[in-house]
Amino acid sequence: MDAATCAQMRERLLSLRDELIAKGKESIPPARTDAVAQPDEDEAPLTEMTQSIASSRNRERAQKLAAIREALLLIDEDPEEYGMCEDCEEPIKRRRLELMPWVSVCVQCQEKRERDGRVPSSRRNLTDYR
Ligand SMILES: [Zn+2]
């Protein structure tokens with residue numbers, strides 16, 4: 001990756017990182033304390049669902065932050081490796097890097113990883129039935 005593009009991606013990564021940090025963790029709603037006083041059978045499952053959505057978002061955020069930190073480290077230490085696919089060592093498409101400057105694999109390898117189950121994917125459930 002050339003120095004100009006690296007500098008540009010570095011800027012993007014830094015602002016993305018700051019954005020994620022500034023947003024902070026999504027607050028997980030506490031269990032309602034008035035549930036005993038006003039028993040509501042629908043309330044408990046709903047709260048549990050909200051909690052699990054919030055914690056999975058926090059997990060995604062933590063994973064993204066870790067990927068951003070890794071990409072920044074790579075740009076600083078080994079800039080010519082940045083933008084190259086970790087698996088097939090081909091350059092990652094510029095468009096993909098602009099959209100997701102933290103990625104370390106190309107689309108094909110990302111899909112392959114997901115098929116192999118190396119990366120949790122939203123499509124995982126579908127492929128389980130193949
Ligand atoms: Zn690849």
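Remember, predicted model here, so these are calculated numbers, not experimental data.

The next point concerns the UniProt feature "zinc finger region: dksA C4-type" (unreviewed entry) in the protein. UniProt's entry tags residues 85–109 with the feature "zinc finger region: dksA C4-type" (unreviewed entry), counted in the numbering of this structure. Annotated as residues 85–109, this span is 36% helix and 0% strand, and its ends, taken at the C-alpha atoms, are 8 Å apart.

As a further point, take the UniProt feature "domain: Zinc finger DksA/TraR C4-type" (unreviewed entry) in the protein. According to UniProt, the feature "domain: Zinc finger DksA/TraR C4-type" (unreviewed entry) maps to residues 82–115 in the numbering used here. Helix makes up 44% of residues 82–115 and strand 0%, with an end-to-end C-alpha separation of 24 Å.

Moving on to the coordination of the zinc ion. In the first shell of the zinc ion, the protein supplies C85 (SG), C88 (SG), C106 (SG) and C109 (SG), at 2.2 to 2.3 Å from the metal. Of note is the zinc ion, whose four donor atoms meet at the metal with angles of 104 to 115° in an arrangement that counts as tetrahedral. When the donors of the zinc ion are listed by position in the chain, the intervening gaps give C-x2-C-x17-C-x2-C. Taken together, the positions of C85 in the loop between α2 (43–77) and α3 (94–99) and C106 in the loop between α3 and α4 (107–116) put the pair 21 residues apart, joining distant regions of the chain.

Located in the positive-phi region is E89, a residue other than glycine, with phi close to 60°. With respect to the helices and strands, the residue E89 is situated in the loop between α2 and α3. Of the residues examined, E89 reaches a relative accessible area of 59% and is grouped as exposed.

A word on the pattern of salt bridges. One pass over the full model with this rule turns up five salt bridges. Among the ionic pairs, E98 bridges to R94, the shortest N-O distance being 3.0 Å. Of this pair, E98 and R94 are both found in helix α3, four residues apart, which corresponds to roughly one turn of the helix. Salt bridges here are not isolated pairs; linked through shared partners, they connect E86, D87 and R113.

Definitions and limits used
- Residues numbered from 1 in each chain as written.
- Predicted model: local features only at pLDDT ≥ 70, side-chain atom pairs only at ≥ 80, totals over all residues.
- Heavy atoms only, no water.
- UniProt positions renumbered as here; feature names shortened; annotations may be inferred.
- Helix = DSSP H or I, 4+ residues; strand = E, 2+ residues; numbered from the N terminus.
- Donors = N, O, S within 2.8 Å, 3.2 Å for Na, K, Ca; no water.
- Tetrahedral: all angles 85-135°; square planar, octahedral: opposite > 155°, others 65-115°.
- Buried < 20%, exposed > 50% of the residue type's maximum accessible area, 1.4 Å probe, protein only.
- Salt bridge = Lys/Arg side-chain N within 4 Å of Asp/Glu carboxyl O.

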